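Here is what each chain is made of, one letter per residue.
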Protein chains: 2
Amino acid sequence: MGKVAAIIGCGVIGGGWAARFALMGWEVRIFDPDPETRFRVERVMADARRSLPGLVDAAMPEEGPVITFQSLEAAVGAADWIQESLPERLELKREIYGRIQSRVGGRVTIASSTSGFRPSELAKEARYPDAILVAHPFNPVYLLPLVELVPMEAVSDERVEAARTVLSGIGMYPLLLRREIDAHVADRLLEAVWREALWLVKDGVATTEEVDDAIRYGFGLRWAQMGLFETYRIAGGEAGMRHFIEQFGPALKWPWSRLIDVPELTPEFAGMIAEQSDAQSGARSVRELEGIRDGNLVALMRALKARGRGVGRILRQTEMELNDRNGAVLDYSDISEIGAPIETVNQAVPLDWTDYNGHMNEAKYLQVFGDATDRFMRIVGCDADYVASGGSYFTAETHIRHLCEVHAGARIRVSTVCLEGRGRKMHLFHELWNDGRVCASGEHVLVHVSLKTRRPSKPSARISRRLGTIEAAHAALPRPYGVGRYVGAPR
Amino acid sequence: MGKVAAIIGCGVIGGGWAARFALMGWEVRIFDPDPETRFRVERVMADARRSLPGLVDAAMPEEGPVITFQSLEAAVGAADWIQESLPERLELKREIYGRIQSRVGGRVTIASSTSGFRPSELAKEARYPDAILVAHPFNPVYLLPLVELVPMEAVSDERVEAARTVLSGIGMYPLLLRREIDAHVADRLLEAVWREALWLVKDGVATTEEVDDAIRYGFGLRWAQMGLFETYRIAGGEAGMRHFIEQFGPALKWPWSRLIDVPELTPEFAGMIAEQSDAQSGARSVRELEGIRDGNLVALMRALKARGRGVGRILRQTEMELNDRNGAVLDYSDISEIGAPIETVNQAVPLDWTDYNGHMNEAKYLQVFGDATDRFMRIVGCDADYVASGGSYFTAETHIRHLCEVHAGARIRVSTVCLEGRGRKMHLFHELWNDGRVCASGEHVLVHVSLKTRRPSKPSARISRRLGTIEAAHAALPRPYGVGRYVGAPR
């Protein structure tokens, strides 16, 4: 790619941006006068390396370099994108924008991570106000895809479109706001809840932990997939949203009439919250909590990816684009010259695939081999359209050898040999590679079936032909070690 | 169990209660004058049967009968728990409580599903006010565990404790409120967000779909696992919650100062929301959306169960209690008389285990066999404590035969034979049963390892002894068909 992102201000948010850009293949140039910056970035990078690559089942681009600069002007000089994540002080931000624009002019977009300011406030004194917009991300920036993209009116459509392309290109979901307002959209919602939650704690109705329980054991699970309006649409029944508003509007009004002022954050009240929070989470350091959070996020996001819903739609999109872009998994539209095993998987081991033995769980090996089989099926022509037309392959028999351990974050590849592909039968042998070694093999016999009768049937002529071509080409390869083994056979 | 729950008022919420109670083994008696009730309950029951049993990896109790009654008094007569889910009309609720208490006195607890009223309001004119409390659930009641339990002060500790036991016993998480307030806790938070979201739509900042995206691609994923305060604790860094309040308190205050009044729900505004919601979700019926939601919830909740976090803690607790209670998976503390294959799995196939071929995905077979192996390991003494002490078994080799299809919701059992258990080796043969047939077999060789050196090592004397006992007992069994098969061997 060769694209360069300048990260100006590199705390938790800036560090998260740096990690996301670098892992998606950008060169990252950092400016932050804090001497701890390098150490902090390394830590965030390590967290991101553990969790981000395993979100999608695709090979990541080669990680870009992360370089710290002592001078703001030097850091932004060659940048294609400038992300500002400074403290929320308007004067400071404006001053830095002035210095940046003196160096790069109005060509490069400066995106602010601000959670509160409107872009027109940020750009007020700027020389090129139309080069400044808000791109407000959510922590952890390297995992959560949401970014609120807020241009003021003067910003050209081309610049907005280019910003969307940059942000989508690093796996994010740019939510373009129709109007600029204080605190954008998500933080408006968050602050409404925050204010209400503070009252609940202050009035002794619930502790901080009980408020959290009220969220995560109930509506938090609904919101993670559907959000607010779609959830309420369901509550309204088939009569739809208008019915819901009519039915629940009046009832919902009752509590609205009170407690809308702000509880004063006195030292006593701050102390009370801190104590309750310590009682709730104090047994773990924030570092440990971050690790737990990231593991949970990977598990939740992959669960939704498997279903293609909510955030899973974005992950699938990213996966597709990565596969298109890096060409690591080839197209194989022309299979006439296949003379080698076929690469059917190339991805990282997700963070949540580890079991109590501290390595990739055995069931995940079959998941990877199943994905490899799916990929091979698509190569021979048994794709989603073919399945929709009523034909598919079912696995009849599997043999797996575990040869060495694989851990979360490891880059794995699967190479596949077709041992037989005649009639209704497809006999495949997968080898799972990590770090130059075969760590496992999977031998599978599949049978072509009619999805209507659920009985064995002949595949299409096209599939038979393509399978035959690959089988003939692979017959010339040395027979892989382990074919035909039974469980417990001597080595 | 023989416990009886009376469900008074049986719309979406009442139906959800009925389904949860029945699936957890209670007899359910319904009173609702609406002639559609029976049909509606059957539909909710069908949805619940698909999704609830697969949340936990344990055998569910036998489903209780669901009986509709034409008379309120007859429905509540023999009840151990009365759940009222009538429309939110105070007079109606009070009148019904009067009739119920004339029949059952003050012995049986009446729990109201009200989302708005305080228990003291509900109980004001009651003969036995201390028998009335609020148990406010969340839709879908058969999946989400949160229930806000709100007693007024006069209610005895014994009654509150008994209510907690009932609700925990059907897999819920009773959140006991410290004080009664309008709309309890969760709906306070929800309404704060709802009000803010309505403004965003009304002011043209975002559409209903964009508001939903702002939630589910960002903080919704955080809230599903940690809620609000623990998430902010992380944002505050190691300095803790006090630091967060000090740092972000002032910044968060800015938007608080505006938009705290209520947008008027004019017909025009209601129409605007309805139109946007149609554009967002109108391509699918509410019925379809419910199916999508339930599948997503099962996937999210199981993802958290695998990690033992958030709602996963509650599911694990339920799983343990079900296993204890139904005795379907035996204790095997005394293995001296094992003369038959050992039942190592007894559960339903989760809703999210289905793949594009419309049946349980192949990788899930290995997950089930892996669970069966784990269970067998615990039986011979290789439990969590033993693993913590540094020993475990790693799978070296696996062979799976797929004999017939299994679908979501199917009750599956695994029976396990130990073929060999000497030295470092453990050779197991699992058969997966559904509906009286063997649907798959799994043959596995495992090797005992030291978790420090990651090399083969001898198991403890206790494990060797127990394995030897089982191996000797199982040697007398007929050798299962399929042992020693290789992939593609003739039948």
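Everything numeric here is computed off the predicted structure, so don't read it as measured data. (Residues numbered from 1 in each chain as written. Chains lettered and ligands numbered in written order. Predicted model: local features only at pLDDT ≥ 70, side-chain atom pairs only at ≥ 80, totals over all residues. Heavy atoms only, no water.)

Peer 1: I'd like to hear about the overall build of chain A, residue by residue, with values.
Peer 2: A count of helices and strands for chain A gives 16 helices and 13 strands. Referenced to the eigenvectors of the C-alpha coordinate spread, the extents of chain A come out at roughly 75 × 55 × 45 Å. In chain A, which comprises 491 residues, the proportion classed as buried is 62%. Summarising the internal contacts of chain A: among those between residues at least 6 apart in sequence, 71% fall at separations of at least 24. For chain A, the exposed area adds up to about 18,500 Å²; of that, 50% sits on carbon and sulfur atoms. Measuring between centres, the 60 positive side-chain charges of chain A sit 7 Å from its 65 negative side-chain charges. (Helix = DSSP H or I, 4+ residues; strand = E, 2+ residues; numbered from the N terminus. Buried < 20%, exposed > 50% of the residue type's maximum accessible area, 1.4 Å probe, protein only. Contact = heavy atoms within 4.5 Å. Areas by Shrake-Rupley, 256 points an atom, 1.4 Å probe, with all protein chains shown as cover. Lys, Arg positive; Asp, Glu negative; His and termini not counted. Charge placed at Lys NZ, Arg CZ, Asp CG, Glu CD.)

Peer 1: If you had to explain the sheet that holds strand S10 (residues 391-402) of chain B to someone new, which residues and values would you point to?
Peer 2: As a general point, the strands of a sheet are linked pairwise by backbone hydrogen bonds and lie either parallel or antiparallel. A sheet is described by the order of its strands in space; here 10 strands give the open sequence S9(A)-S11(A)-S12(A)-S13(A)-S10(A)-S10(B)-S13(B)-S12(B)-S11(B)-S9(B), paired in antiparallel fashion. At either end of the open sheet lies a strand with only one pairing partner, and these are strand S9 (342-348) of chain A together with strand S9 (342-348) of chain B. Looking at each pair of strands side by side, their axes are set apart by 25° on average, direction ignored. Sheet topology note: the strand S10 (residues 391-402) of chain A/strand S13 (residues 437-450) of chain A ladder contains 11 bridges and is antiparallel. Across the sheet, the residue bridging to A:Thr395 is A:Leu446, located in S13(A). Strand contacts of helix H14 (residues 362-380) of chain A: S9, S10, strand S11 (411-420), strand S12 (425-434) and S13 of chain A together with S10 and strand S13 (437-450) of chain B, with the helix running at about 125° to S12(A), the strand carrying the most contacts. (Pairing = 2+ DSSP bridges. Axes fitted to C-alpha atoms, helices over the stretch in contact; angles between N-to-C directions.)

Peer 1: Run through the relation of the copies chain B and chain A, naming residues and quoting values.
Peer 2: Of the transformation superimposing chain B on chain A, the axial component is 0.0 Å and the angular component is 180°, with the fit at an RMSD of 0.1 Å. Taken together, these values place the two copies in the relation of a two-fold axis. When the interface residues of chain B are mapped onto chain A, 100% of them are again interface residues, pointing to one common binding face. (Least-squares fit on C-alpha atoms with pLDDT ≥ 70 in both.)

Peer 1: Quick one: what's the story with the environment of B:Glu362, residue by residue and with numbers?
Peer 2: Note on placement: B:Glu362 falls in helix H14 (residues 362-380). When the C-alpha atoms of B:Glu362 and B:Ile400 are compared, they prove to be 9.3 Å apart, with 38 residues separating the residues in sequence. Setting aside anything within four residues of it in sequence, one finds B:Glu362 in contact with A:Leu366, A:Gly370, A:Thr395, A:Thr398, A:His444, B:Asp355 and B:His402. At 3.1 Å, the side chain of B:Glu362 and the side chain of A:Thr395 are in polar contact. (Polar contact = N/O pair within 3.5 Å; in protein donor to acceptor, adjacent residues only side chain to side chain.)

Peer 1: Please provide a residue-by-residue account of the interface of chain B and chain A, values included.
Peer 2: On the chain A side, the residues contacting the 148 residues of chain B number 149 residues. For the pair chain B and chain A, the summed buried surface comes to about 14,800 Å²; carbon and sulfur atoms form 64% of the total. Counting the contacts that link chain B with chain A gives 12 salt bridges. A salt bridge links A:Glu210 to B:Arg178, with the shortest nitrogen-to-oxygen separation between them at 2.8 Å. Linking chain B with chain A are 60 residue pairs in polar contact (both at pLDDT 80 or more), by the criterion used here. The dominant element in the side of chain B that touches chain A, judged by the number of residues it contributes, is helix H12 (residues 286-307) of chain B, at 16 residues. Taken together, the residues of the side of chain B that touches chain A sort by class into 75 nonpolar, 36 polar and 37 charged. (Buried area = accessible area lost by both parts, 1.4 Å probe. Salt bridge = Lys/Arg side-chain N within 4 Å of Asp/Glu carboxyl O. Nonpolar A, V, L, I, M, F, W, Y, C, P; charged D, E, K, R; others polar.)

Peer 1: If you had to explain the nonpolar core to someone new, which residues and values would you point to?
Peer 2: Core analysis: the biggest nonpolar cluster contains 220 residues, and A:Ile8, A:Phe21, A:Ile82, A:Phe229, B:Phe21, B:Ile82 and B:Phe229 have the highest contact counts within it. Excluding residues within four positions of it along the chain, A:Phe229 makes contact with A:Met241, B:Trp194, B:Ala197, B:Leu198, B:Val201, B:Thr208, B:Val211, B:Asp212, B:Ile273 and B:Gln280. Membership of the second largest hydrophobic core comes to 38 residues, among which are A:Met360, B:Val345, B:Trp353 and B:Cys404. (Core = buried A, V, L, I, M, F, W, Y, C linked by side-chain atoms within 4.5 Å.)

Peer 1: Quick one: what's the story with the packing of aromatic side chains, residue by residue and with numbers?
Peer 2: Tallying each qualifying case throughout the model produces 15 aromatic pairs over all chains. When the centroid spacing of 5.5 Å and the interplanar angle of 50° are considered together, the rings of A:Trp194 and B:Phe229 count as tilted. Linking A:Trp194 in helix H7 (residues 186-202) with B:Phe229 in helix H9 (residues 229-236), this pair reaches from one chain into another. Each member of the pair, A:Trp194 as well as B:Phe229, is classed as buried. Grouping aromatic residues by their ring pairs yields a cluster made of A:Phe219, A:Trp223, B:Phe219 and B:Trp223. (Phe/Tyr/Trp six-rings, centres within 6.5 Å; stacked < 30°, edge-to-face > 60°.)

Peer 1: Please provide a residue-by-residue account of the pairing of strand S2 (residues 27-31) of chain A, values included.
Peer 2: All names here are of chain A. Among the 5 residues that make up S2, 4 are buried, leaving the element largely enclosed by the rest of the structure. Two strands pair when backbone bridges link them, and strand S1 (residues 4-8) and S2 are joined in this way by 5 bridges, in the parallel orientation. Bridge pairing in S2 links Ile8 to Phe31. Regarding topology, helix H1 (residues 12-23) serves as the crossover connection from S1 to the parallel S2, and that connection is right-handed. (Right-handed = clockwise from strand over helix to strand, strands pointing away.)

Peer 1: Kindly report on the sheet that holds strand S1 (residues 4-8) of chain B, identifying the contributing residues and their values.
Peer 2: Residues and elements named next belong to chain B. Ordered by their spatial adjacency, 8 strands build an open sheet running S3-S2-S1-S4-S5-S6-S7-S8, and the pairing between neighbours is mixed. The sheet is open, and its two edges are formed by strand S3 (66-69) and strand S8 (173-176), each paired on a single side. Within this sheet the neighbouring strands show an average axis-to-axis angle of 25°, counted without direction. Looking at chain direction, strand S6 (residues 132-137) and strand S7 (residues 146-150) are connected through 4 bridges and run antiparallel. Each bridged residue has a counterpart across the sheet, and for Val134 the counterpart in S7 is Val150. Across the sheet, helix H2 (residues 37-51) touches strand S2 (27-31) and S3, and the angle it forms with S3 is around 160°.

Peer 1: Can you lay out helix H16 (residues 461-475) of chain A for me, pointing to particular residues and giving the numbers?
Peer 2: All names here are of chain A. For H16, with 15 residues, the first-to-last C-alpha span of 21 Å sits near the 21 Å given by 1.5 Å per residue. Along H16, the residues classified as buried are Ile463, Arg466, Leu467, Ile470, Glu471, Ala473 and His474. For H16, the buried positions fall inside an angular range of 165° around the axis, keeping them on one side. Exposed positions of H16 whose direction lies more than 90 degrees from the buried face are Ala461, Arg465, Ala472 and Ala475. Residues of H16 that are buried make contact with S9, H14, helix H15 (384-388), S10, S11 and S12. (Expected span 1.5 Å × (residues − 1). Arc of directions from axis to C-beta.)

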